[in-house]
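Architecture at a glance
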Amino acid sequence: MKSRTVSLINAFLDVRRWRAHAPAGGGHHLPISLYFLETGSCEGCAMELETLCGGAYALEQNGFRRVLQPEDADWLLVTGAVSRRCAERLDHVWRAMPAGKSLIAIGRCAVDGGPFAGGYATLGGLAGLTRVQRSVPGCPPEPAAILAALVAFREGKAA
Amino acid sequence: MIPLSSMGRLVRGGERLSYGHYAVDASQWQALWHMSAVALPMLSFWADELRAYGLFLEGDQPLLVSTAIDDKRYVGPSQRYPVAEWGERVAFDLYGVEAMDVPGDGRSALDGGAWDITWPLAQRPGPGGSHGGALKASKAPFWVDGNGVSGVFGLVPDGQQGGICAEQCEAGLGHRGVIAQLLGRTPDEAMGLVSRMSAGGYVAYPLALARAFMQAEGRSIEPAIRDGWMVLLEIERISVHLHDVMLTACAMDAGVLAAHCTHAREALARVCVDHGATRRLTDMIRKEGYRRGVEIVPLAQAVLREMKPRLSKLALLVDVYAPRLAGLAVLPVDLARGLAIGGPLGRSSGRSLDLRRAENGMRLDALRATGASEGDARARQAVRMTEMFDSLRLLERILSSFGLGDADEAYPAIPQAIHQEGLGAAEAARGDVWVWVRLKEGRIDAVHMRDPAVPVVAALGRIMMDMDVTMMPLALRSLGLSTAGVAQ
């Protein structure tokens, strides 16, 4: 019983010890609100975005927060090839976002449809629908790479 | 020896097309759905323009039955097996073949009026939007983002009675035409695409396909390859379980547990990369082996070193937060058995089936998790935890006898068999994945992939019955529901 208690305390202390910090000089920006939208894929990129929010990465410390309503979002992070049935939803979400919004393709499928491009069921990726200025490559990209790219985008660097 | 069921006898009365696959005529097919005897559990139903197929489980062995489709119509099994409804709807969307005598409303599963071609896999497709008049998709307002499912799933809460309007929910929004892309490909070409079927099965899906090819081509697999596949599958199981436990933890504000899961999963990814594998084990399985350059034995040893201390702490934390999940989103035992729901969901609801137990060369003594019968979110979390410990134990056993034992042989060929057919399976983290494939002149002539989430979607109405809408994201996350393999 005593060892169980000690182990539990250690488990809580681990999280304190692991707490991610923003780099020096960071963290004083107004938070940027991120809205995640999956449009048809293996869900690998969507899972990496969930991982990014799972407490091991300094998402909030770097000035980002996830929101669940497009009306609250600054940036739209799209994962997956755009299935024909999701195209309308993508348009709806984009239109619901306030002015000053930005579109970011996460992973290969979101850029060009990846292995699911072509055929009767998808419209390919965002590149076939609009000009994609910001994207994070990978299949799926690592959460650390996604975070680094988001920080770079905020600093005005395009990927 | 398992005694033959009445249903099994009826199926075996047909013509044997390949090992475990029998063709029956229309009257035998219809009789299957009207038998008074206890029915075999149905794993999957699918159809193309020429044949309808039902895959059953007899004991722990698959039994496949098919019948010819006449004039694009067949008697639908969903009158007896609700799990077949999804396959009936998909078959209509893709091929225009129609199920008769079924209770469903014939709603579109995949098309929904969005495609510019109707019945795209039929010999004579139609123009877009001609999807049979009333056979449209649900017009209900969907709740998609933040509903607890990582993929695209249109959830329709029932605002009046609580729970969901199950018949209006949409699991096919993310359809991407995988079957169409697979037809005509060589087995090697197909492996890459199937490797991206579902992130919960980057190993399991191509492994099931590789096993199906092995059967179709009559090849054997040497013990070292078989063990390498097992190692990769167990590492994937740990990774996906960590993700699902993390998602549940996030939804119940258990930040400490979520952080531990995320750190553990990322540590696992680093170990994989350090030993020549990819982070999430994408593109690892080849048709006759696994990716060149990966050091399987050192990888398994490193996983054991890295995960053992982490899982011990995780188990404590899962226990601390468990009361928050008690009684939530119960999957009843009868439903789990009736719909043949597998994986940790089935095993926490009294259905103990684990395909690994029937695998040749399996170290059975390592598989101790027998599951539970409570069927709630707490039981699912506990089963996932126990299975991760089992995976480590299994890795230890495999390492102690790596590459020993008999080769995995294909089933004996059927004399006068016309087609090269194979059925493969893999016990993925979220349940059993089944792949059936037929080859013609070295290319894929027909293929079906059964995702473990299909029966879960069919069960959602009862699992979520009377549930308050605020609890739905937590409930769905506790189910580990993914629609990537359902929509395909």
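What counts, and at which threshold
Residues numbered from 1 in each chain as written. Chains lettered and ligands numbered in written order. Predicted model: local features only at pLDDT ≥ 70, side-chain atom pairs only at ≥ 80, totals over all residues. Heavy atoms only, no water. Helix = DSSP H or I, 4+ residues; strand = E, 2+ residues; numbered from the N terminus. Rg over C-alpha atoms; globule rule 2.2 N^0.38 Å. Buried < 20%, exposed > 50% of the residue type's maximum accessible area, 1.4 Å probe, protein only. Contact = heavy atoms within 4.5 Å. Areas by Shrake-Rupley, 256 points an atom, 1.4 Å probe, with all protein chains shown as cover. Lys, Arg positive; Asp, Glu negative; His and termini not counted. Charge placed at Lys NZ, Arg CZ, Asp CG, Glu CD. Pairing = 2+ DSSP bridges. Domains from an automatic or database assignment. Buried area = accessible area lost by both parts, 1.4 Å probe. Salt bridge = Lys/Arg side-chain N within 4 Å of Asp/Glu carboxyl O. Phe/Tyr/Trp six-rings, centres within 6.5 Å; stacked < 30°, edge-to-face > 60°. Lys NZ or Arg CZ within 6 Å of the ring centre and 35° of its normal. Axes fitted to C-alpha atoms, helices over the stretch in contact; angles between N-to-C directions. Parallel < 35°, antiparallel > 145°, perpendicular 65-115°, else oblique. Left-handed = near helix turned anticlockwise from the far one by under 90°. Nonpolar A, V, L, I, M, F, W, Y, C, P; charged D, E, K, R; others polar. Core = buried A, V, L, I, M, F, W, Y, C linked by side-chain atoms within 4.5 Å.

This paragraph deals with the overall build of chain B. Along its length, chain B carries 15 helices and 14 strands. Against the compact-globule benchmark of 23 Å for 488 residues, chain B has a radius of gyration of 22 Å, which places it among compact chains. Summarising its shape, the C-alpha atoms of chain B cover approximately 60 × 60 × 45 Å along the three principal directions. Across the 488 residues of chain B, 63% fall into the buried class. Long-range contacts, defined here as pairs at least 24 residues apart, represent 67% of the contacts in chain B between residues at least 6 apart. For chain B, the accessible surface area stands at approximately 17400 Å², while carbon and sulfur atoms represent 51% of it. In chain B, which carries 51 positive and 56 negative side-chain charges, the distance between the mean positions of the two groups comes to 4 Å.

For the rest of this paragraph, the subject is the side chain of Ser 83 of chain A. Take Ser 83 of chain A: it is sitting in the loop between strand 3 (75-79) and helix 3 (84-96). Once residues lying within four places of it in the same chain are set aside, the contact partners of Ser 83 of chain A are Thr 39, Ala 121 and Thr 122 of chain A together with Leu 173, Gly 174 and His 175 of chain B.

What follows is about the environment of Met 191 of chain B. Among the secondary structure elements, Met 191 of chain B is positioned in helix 5 (residues 187-194). Here the alpha-carbon distance between Met 191 of chain B and Leu 55 of chain B, two residues 136 residues apart in the chain, equals 23 Å.

With that settled, consider the pairing of strand 4 (residues 51-58) of chain B. All names here are of chain B. Among the 8 residues that make up strand 4, 7 are buried, leaving the element largely enclosed by the rest of the structure. Bridging between strand 3 (residues 42-47) and strand 4 involves 5 bridges; their strand directions are antiparallel. Bridging from a neighbouring strand, Trp 46 pairs with Tyr 53 of strand 4. In this structure, strand 4 lies alongside strand 5 (residues 61-68), joined through 8 bridges in antiparallel fashion. When the bridges of strand 5 are listed, Ala 52 appears paired with Thr 67. The antiparallel hairpin formed by strand 4 and strand 5 contains 2 residues in its connecting segment, where Gly 59 sits at a positive phi of about 70 degrees.

What follows deals with the domain arrangement of chain B. Residues and elements named next belong to chain B. Split into domains, chain B comes out as domain 1 (6-112) and domain 2 (178-487). Computed from C-alpha atoms alone, the centre-to-centre distance between domain 1 and domain 2 is 26 Å. At the junction of the two partners, domain 1 supplies 24 residues and domain 2 supplies 24 residues. When domain 1 packs against domain 2, close to 2100 Å² is buried across both sides, 71% of that on carbon and sulfur atoms. At the boundary of domain 1 with domain 2, the tally comes to 0 salt bridges.

This paragraph deals with the packing of aromatic side chains. Counting across every chain of the model gives 12 aromatic pairs over all chains. When the ring of Trp 29 of chain B is compared with that of Trp 33 of chain B, the centres are 5.0 Å apart and the planes differ by 90 degrees; the resulting orientation is edge-to-face. Residue classification places Trp 29 of chain B among the buried positions, given a relative accessible area of 2%. Taken together, the ring pairs in this structure connect Trp 29, Trp 33, Phe 45, Phe 56, Tyr 74 and Tyr 81 of chain B into an aromatic cluster. The side chain of Arg 176 of chain B reaches across the aromatic face of Phe 116 of chain A, ending 4.6 Å from its centre. The side chain of Arg 196 of chain B reaches across the aromatic face of Tyr 202 of chain B, ending 5.8 Å from its centre.

A separate point is the packing of helix 6 (residues 204-217) of chain B against helix 7 (residues 223-251) of chain B. Each pair of packed helices can be described by the angle between their axes along with the distance between the axes. All names here are of chain B. The contact between helix 6 and helix 7 brings their axes to 10 Å, and the two run at 150 degrees. Of the possible angle classes, the one that applies to helix 6 and helix 7 is roughly antiparallel. When you trace helix 6 past helix 7, the crossing you get is left-handed. Counting all contacts with helix 6, which are made through Ala 204, Leu 207, Ala 210 and Arg 211, the residues of helix 7 involved are Trp 229, Leu 233 and Glu 236. Of the residues in the contact of helix 6 with helix 7, the class split is 5 nonpolar, no polar and 2 charged.

Our focus in this paragraph is the pattern of salt bridges. Counted under the stated rule, the structure contains 38 salt bridges over all chains. The salt bridge involving Glu 170 of chain B is made with Arg 85 of chain A; its shortest N-O contact spans 3.6 Å. Of this pair, Glu 170 of chain B sits in the loop between strand 9 (126-127) and helix 4 (178-182) while Arg 85 of chain A sits in helix 3, placing the two residues on different chains. For Glu 170 of chain B, a relative accessible area of 0% gives the class buried. Between Arg 443 of chain B and Glu 189 of chain B there is a salt bridge, with the nearest N and O atoms lying 3.8 Å from each other. Placement of the pair is Arg 443 of chain B in strand 14 (residues 443-450) and Glu 189 of chain B in helix 5, with a sequence separation of 254 residues. Residues joined in a network through salt bridges with shared partners are Glu 48 and Glu 142 of chain A together with Glu 266, Arg 279 and Arg 280 of chain B.

Moving on, we get to the pairing of strand 3 of chain B. For strand 3 of chain B, the buried fraction is high: 6 of the 6 residues fall into the buried class. In sequence, strand 3 of chain B turns back onto strand 4 of chain B through a hairpin of 3 residues.

Between chain A and chain B, the contact holds 46 residues from the first and 61 residues from the second. Taken together, the two surfaces of chain A and chain B that pack against each other cover about 4300 Å², and 61% of this comes from carbon and sulfur. When residues of chain A are sorted by the area they lose upon contact with chain B, Met 47, Arg 85 and Tyr 120 of chain A head the list and together hold 21% of the total. Linking chain A with chain B are 9 salt bridges, by the criterion used here. Linking Arg 89 of chain A and Asp 145 of chain B is a salt bridge whose minimum nitrogen-to-oxygen distance equals 2.7 Å.

If you look at the biggest cluster of nonpolar residues, it comprises 156 residues, and the most contacted ones within it are Leu 257, Val 303 and Met 307 of chain B. Not counting chain neighbours up to four residues away, the residues in contact with Val 303 of chain B comprise Ile 235, Ile 238, Leu 268, Val 271, Lys 308, Leu 392 and Leu 395 of chain B. In terms of nonpolar packing, the next biggest core, distinct from the first, is built from 21 residues, Ile 32, Ile 104, Ala 149 and Phe 153 of chain A among them.

All names here are of chain B. On the basis of which strands lie adjacent, the open sheet formed by 5 strands has the order 1-2-5-4-3 and mixed pairing. Two strands close off the open sheet at either side, each with one partner strand: strand 1 (15-18) and strand 3. Going across the sheet, the axis of each strand differs from the next one's by a mean of 25 degrees, ignoring polarity.

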